[in-house]
Amino acid sequence: MTPTPLPFTQFVVKVHSRCDLACDHCYVYEHADTSWRRRPKAIDAEVLDKIAERIGAHAATHRLPAVRVVLHGGEPLLAGPDRLRHAAEALRAALPPGCALDLRIHTNGVRLDDAFCTLFAELDIKVGISLDGDRAANDRHRRFADGRTSHPLVLRAVERLRRPAYRHLFAGLLCTVDIENDPVAVYRALADLRPPAVDFLLPHATWEQPPKPSADGRPTPYADWLLTAHEQWERDGRPFAVRTFESVHRTLRGLPSLTESLGLEPTDLVVLETDGSFEQADSLKTAYDGAPDTGLDVFSHSLDQVALHPGVTARQLGLDGLSAQCRACPVVRSCGGGLYAHRYRAETGFDNPSVYCGDLMTLINNLAGDGQPAPRPAQPVAAAQPAQPVAARHLPAQPGEPVLPAALSEQQIDELAHGYGGADTVRALARAQLALTRAMLAAAWDASGQRESPAWSLLSELDSAAPAAVDAVLAHPYARAWAARRLAGNLTVGLDPLAALAAAAAVRAGRGDTVAVPVRDGRLHLPTLGRTTLPDGAAVVTGRAGGLTIRAADGTVRKELDEPLRRIRLAGGWTVALEDLDPLRDSHDHAVADRLTEPELLDWTGALREAWELLGRDLARYADGIRTGLGTITPLRPGPAGRDVSSAARQAFGAVGIARPGTAPTLALLLAHEFQHVKLGAVLDLLDLYDPADDREYLAPWRPDPRPLEGLLQGTYAHLAVTEYWGTRVQAYDGLAGPAAERARTEFALWRRYTAEAVERLAESGSLTKLGLRFTDGLRDSVAPWLAVPVPAAAEQAADRARRERAAVGG
């Protein structure tokens, strides 16, 4: 099945096609493609304006909340300040309202002076710099044509970007790996510059022009080099982002990659040359002369036409776009076949594994040992024998061994106590939640009284043989729902979901394993994958390399699911599933919606893109945690009279239920609010914040009915995000009038008061533990700055009226 092409969200604009360095590893000038010789040296105003027009129209058509444009070359600083200013201003003018521009420039740095930095600060252009390490490493390739070193000039450029006036512009460093360079020396040289991010790139190579071999004959020298650098990075406490390492860690957990060189995420990038030609990824220049060419240009073709180009769609096929050898590989979902250009061989085109195949497998397998989020029992999941029911706080994975380890550092606890939680903190919560899911499944199986089950045996076998496949399935929010219901005494929920989990893991593992899954009411559902219509009876599911085969009870054979689980890819690497299929998604306390129609899916996609852009801009302290931990949104049915409806479920970490509201800002608010409940639920599985023997009920300021202490704690934690949301709205409307501004000020005045009162009510309960009091102290600290923000007296009076009215009708 060929997917609908995705819209482009990343654009590389070549503003100059020549360079002032003569790097001998450059793919533009030193590899197979020679098209640079035929390009204009510098882009002209007419081409820039047309590029901006095309990008703006594309953003408007697809309701993109943000686009990233990288000004590139050659060496883009050769284009000069006037041309760079024209590019920035044309792009901003062309984008539709509500679409943000993430504008960057990637340079070798030798011409980066104060004048350029001042210009980039004015135009908000982030700057990335190429640097291969210390002087010895950098001089190996990055020299002037006359052999002079470029290293001192590059260091001077980095030092400029580290000044307080320009620090916010520094996007990071790009380092091309050379195995003759000392990885420790390279890492230290880069780390000493305190960059916000570093990209370690494999040198471009193909099967026709293989990479440099190791002098000592090691089979995977590039993996060895990267693993040495990774060890240094870990020892330093991950002081900056490294996309290669983080992408491996993410893909091992079933999350999307941050780079096109790893993972199965579809491409959303296009290159625009100095003459206005559209090209595919620049790296293809290393394959053969003309490889990135599309035959399309900005004057005659739209970006939607470019998206239909076979070369673009080939890189959006996921597993189906890989060679048979790759599809059968156990690390394929992390590796993704490697960078597309690195697969090239003259006889077979790109239908090959990466020329770095061995290195990628070694890198991924080694990082899997220390980078996966879930602590894995020494024996498979079936061997776990919980001694207590699920109501107990700690379930042993093995005799004498707790399921929920001390997963949070003091710093992370403090972060959560203040209501926040960045990527690392939410990853720690996810690790503990996955461990709890495994233990609950084991407990539910043990309580079933069954002695044997092919599904349970297969799940246990795959847990050892293909752990990433099992983790990806068990990390799905509703994988735990079956176990939770069984352990709560609801035995009407049979063992069918267990077989479906095993089948989904088998499909992800792609080893050829077979399992029978009961089909009831004419539907077979495989968690994380989708649903298909079949006659009732036992369907046999076989997970094969690159897909699945289903043999129904009547003998018919299917090789794909009628209704796949649909995922939306958003800016900044967040991919979220719209879960409208899983029969256990009714874990939320509101009615779930049926399968979304195509128009409804498009509405959700546009609304999520806008909401995510708003979250990233206005609630940045929440956004990283949401991107890391929220992988599923379950559409709910609308509330009565159009009332907004949303919900989190304690046994569904990583999911929120929402009825799509009328506006994207409201959706952003609901996402932040509900994910606060998700986070705190995970915290409460790890930490005792209150005395469970307290059976009193407490009045929450926003409700007329009293709540148990945990309910008050949950509401307070969630409403801190509500307070901050309305606070940022007030800041956005500063100096403005009108209904939207007045509403923002009223809601802000109301919710900051609600939240502050609730914090004190918690603190005065007398039932909080020492850790619980630490949380109230943190929440008090977080709400305090918002209490100091002035609002007009009219807004305070309106908040008083709203409080009385809402109390009368129940919030």
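Our subject is the structure that appears above.
One numbering rule holds for all chains: residues counted from 1, following each sequence as written. Local features in a predicted model are, by the rule used here, given only for residues with pLDDT of at least 70; side-chain atom pairs are given and counted only at 80 or more, and totals for whole chains, interfaces and linings are based on all residues. As a rule here, side-chain values cover all heavy atoms of the structure and leave hydrogens and water aside.

Digging into the packing of helix 2 (residues 81–94) against helix 3 (residues 114–123)
Stage number 1. Contact geometry for helix 2 and helix 3: axes closest at 11 Å, N-to-C directions at 10°. It follows that helix 2 is roughly parallel to helix 3 by the angle criterion. Together, Pro81, Leu84, Arg85, Ala88 and Arg92 of helix 2 and Phe116, Leu119, Phe120, Glu122 and Leu123 of helix 3 make up the contact between the two elements.
Stage number 2. Gly is put with the polar residues, along with every residue not named as nonpolar or charged; the nonpolar set is Ala, Val, Leu, Ile, Met, Phe, Trp, Tyr, Cys and Pro, and the charged set is Asp, Glu, Lys and Arg. For the contact of helix 2 with helix 3, a count of residues per class yields 7 nonpolar, no polar and 3 charged. Note on geometry: axes are lines fitted to C-alpha atoms, helical ones only across the stretch in contact, with angles between N-to-C directions running from 0 to 180 degrees. In DSSP terms, a helix is any run of H or I states spanning at least four residues, a strand is any run of E spanning at least two, and both are numbered starting from the N terminus. In these notes the angle categories are as follows: under 35 degrees is roughly parallel, over 145 is roughly antiparallel, 65 to 115 is roughly perpendicular, and the rest is oblique. Contacts are assigned to residue pairs that have any heavy atoms within 4.5 Å of one another.

Thoughts on the environment of glycine 727
Stage number 1. Relative to the helices and strands, glycine 727 is located in helix 23 (residues 709–732).
Stage number 2. For the pair glycine 727 and glutamate 674, spaced 53 residues apart in sequence, the C-alpha to C-alpha distance is 18 Å.

Section: the pairing of strand 15 (residues 530–533)
Stage number 1. By the convention used here, strands pair only if DSSP detects at least 2 bridges between them. When strand 14 (residues 523–526) meets strand 15, the two strands line up antiparallel, connected through 4 bridges. Residue pairing in the sheet places leucine 524 in a bridge with threonine 532 of strand 15.
Stage number 2. Turn length for the strand 14-strand 15 hairpin, with the two strands adjacent in sequence and antiparallel, is 3 residues, and the turn residue threonine 528 shows positive phi of about 75°.
Stage number 3. Relative to strand 19 (residues 563–564), strand 15 runs antiparallel, the two sharing 2 bridges.

Considering the nonpolar core
Stage number 1. By nonpolar core is meant a set of buried Ala, Val, Leu, Ile, Met, Phe, Trp, Tyr and Cys residues that side-chain atoms within 4.5 Å join together. Burial classes follow relative accessibility: with a 1.4 Å probe on protein chains only, a residue under 20% of its type's maximum area counts as buried, one over 50% as exposed, and anything between as partly exposed. Counting residues in hydrophobic clusters, the biggest one holds 102 residues, and the most contacted among them are Leu112, Phe120 and Phe200.
Stage number 2. For this core, the element with the highest residue contribution is helix 7 (residues 221–235), accounting for 7 residues.
Stage number 3. Within the second largest apolar cluster, 80 residues are counted, among which are Trp574, Leu671, Leu768 and Val791.

What to know about the packing of helix 14 (residues 410–417) against helix 25 (residues 770–787)
Stage number 1. Close contact between helix 14 and helix 25 brings their axes to 8 Å; oriented N to C, the two are set at 55°. Taken together, helix 14 and helix 25 sit at an angle that is classed as oblique. Here Glu410, Ile413, Asp414, Leu416 and Ala417 of helix 14 come into contact with helix 25, specifically with Leu771, Arg774, Phe775, Gly778 and Leu779.
Stage number 2. A class-by-class count of the residues in the contact of helix 14 with helix 25 yields 6 nonpolar, 1 polar and 3 charged.

A closer look at the sheet that holds strand 19
Stage number 1. Read from one edge to the other, the open sheet built from 3 strands follows the order 14-15-19, with strand pairing classed as antiparallel. The open sheet has two free edges, formed respectively by strand 14 and strand 19, since each of these has just one partner strand.

Some thoughts on unusual backbone geometry
Stage number 1. Look at the link from glycine 73 to glycine 74: it is a cis peptide, with omega at 20°.
Stage number 2. Positionally, glycine 74 belongs in the loop between strand 2 (66–72) and helix 2.
Stage number 3. A positive phi angle is found at arginine 194, which is not glycine, with a value near 50°.
Stage number 4. Mapping arginine 194 onto the fold places it in the loop between helix 6 (183–191) and strand 6 (197–201).
Stage number 5. Accessibility expressed as a relative area gives 60% for arginine 194, which makes it exposed.

A word on the sheet that holds strand 17 (residues 547–551)
Stage number 1. With antiparallel pairing, the 4 strands of this open sheet are ordered in space as 13-16-17-18. Either end of the sheet is taken by a strand with one partner, and the two such strands are strand 13 (514–519) and strand 18 (557–558).
Stage number 2. In terms of strand pairing, strand 17 meets strand 18 through 2 bridges, oriented antiparallel. Following the sheet pairing, isoleucine 550 is matched in strand 18 by arginine 558.

Side note on the pattern of salt bridges
Stage number 1. We count a salt bridge whenever a side-chain nitrogen from Lys or Arg sits within 4 Å of a carboxyl oxygen from Asp or Glu. Evaluation of the coordinates by the stated rule reveals 65 salt bridges.
Stage number 2. Of the charged contacts, one joins glutamate 273 and arginine 39 as a salt bridge, the two residues approaching to 3.9 Å between their closest N and O atoms. Taken together, the residues span a long stretch of sequence, with glutamate 273 in the loop between strand 8 (269–272) and strand 9 (277–279) and arginine 39 in the loop between strand 1 (10–14) and helix 1 (45–61) at a distance of 234 residues. The exposure classification of glutamate 273 matches that of arginine 39, with both residues buried.
Stage number 3. Close ionic contact of arginine 511 with aspartate 513 constitutes a salt bridge, the shortest N to O distance being 2.8 Å.
Stage number 4. Accessibility expressed as a relative area gives 13% for aspartate 513, which makes it buried.
Stage number 5. When salt bridges that share partners are traced, they join Lys14, Asp33, Arg39, Glu273, Asp275, Glu279, Asp282 and Lys285 into one network.

Shape is all these values report; function is a separate question.
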